[in-house]
Amino acid sequence: MTDAHRAQPDGVRIAATADVDDRATIRSGTRVWHLAQIREGASVGRDCVIGRGAYVGPGVRLGDNVKLQNHALVYEPAELADGVFVGPAAVLTNDEYPRAVTPEGRLKGGADWTAVGVVVGEGAAIGARAVCVAPVAIGRWALIAAGAVVTRDVPDFALMVGVPARRVGWVGRAGEPLVAKGDGRYVCPRTGAEYHEAAGRLTELPPAA
């Protein structure tokens, strides 16, 4: 860290140029980098990294060990579980029917629309410049490829690519594509962990005794 970071209680480090509302909660070990903004009522867990220019909207909830890369935009009321990764310039939206004005031509205010959020499960990763169109839920340990546009719920461990995003395979906790072994069984080439697919869902198998 540099001298441009303000030391806070519990090891929190906030860049002098970051904009963190006094009503936000930042837990121990978290680092907030240059030009990041964390709005009122947001909750950021332990040991998170909020990258340069990232945005965390009012009331957004981030778990522990979350990484928001540079210029990631997380709009309220998103909820990110522990260990979530959001890549550079990725966007989590919050408006199903976006308009600047009402049908009568009046500039919209907060009371003119209802925010809907993106929910991201434990360990999931959202690639650079991907867009998650709310309301949508991203399953545990899923991987959203760079540039993908997610418009529907994503199952646990799914590998999603394209516009709109579609599942092209499965990934394990290590993030690498799983290798099919037959009979619905898959194995992680890095860790050796095994998984089973049934009815379009993937579950982890217990380690062999």
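This text goes with the structure placed above it.
Residues numbered from 1 in each chain as written. Predicted model: local features only at pLDDT ≥ 70, side-chain atom pairs only at ≥ 80, totals over all residues. Heavy atoms only, no water.

A. Looking closely at the sheet that holds strand S12 (residues 73-74). One open sheet holds the 7 strands; their spatial order is S3-S6-S9-S12-S15-S18-S21, and the pairing between them is parallel. With partners counted over all chains shown, the strands left at the sheet margins are strand S3 (19-20) and strand S21 (149-150), one partner each. As judged from the 2 bridges shared by S3 and strand S6 (residues 37-38), these two strands associate in the parallel manner. Pairing of Val-20 across the sheet is with Ile-38, part of S6. (Pairing = 2+ DSSP bridges. Helix = DSSP H or I, 4+ residues; strand = E, 2+ residues; numbered from the N terminus.)

B. Expanded view of the side chain of Asp-21. Topologically, Asp-21 is positioned in the loop between S3 and strand S4 (25-26). Looking at Asp-21, its side chain comes within polar contact range of the main-chain nitrogen of Arg-23, at 2.7 Å. Beyond its immediate chain neighbours, meaning those up to four positions away, Asp-21 contacts Ile-38, Arg-39 and Glu-40. (Polar contact = N/O pair within 3.5 Å; in protein donor to acceptor, adjacent residues only side chain to side chain. Contact = heavy atoms within 4.5 Å.)

C. Structural detail: the packing of aromatic side chains. Tallied over the entire structure, the rule returns 2 aromatic pairs. Arranged with centres 5.2 Å apart and planes meeting at 45 degrees, the rings of Tyr-55 and Tyr-75 form a pair that is tilted. One end of the pair, Tyr-55, is in strand S9 (residues 55-56); the other, Tyr-75, is in the loop between S12 and strand S13 (79-80), with 20 residues separating them in the sequence. Take Tyr-55: its relative accessible area is 12%, and that puts it in the buried class. Given the relative accessible area of 27%, Tyr-75 is considered partly exposed. A ring pair is formed by Phe-157 and Tyr-195, whose centres lie 5.2 Å apart and whose planes are at 65 degrees; its orientation type is edge-to-face. One end of the pair, Phe-157, is in the loop between S21 and strand S22 (158-161); the other, Tyr-195, is in strand S26 (residues 194-198), with 38 residues separating them in the sequence. Tyr-195 matches Phe-157 in its accessibility class, with the two residues each being buried. Against the face of Trp-170 rests Arg-167, its NZ or CZ located 3.9 Å from the ring centre. (Phe/Tyr/Trp six-rings, centres within 6.5 Å; stacked < 30°, edge-to-face > 60°. Buried < 20%, exposed > 50% of the residue type's maximum accessible area, 1.4 Å probe, protein only. Lys NZ or Arg CZ within 6 Å of the ring centre and 35° of its normal.)

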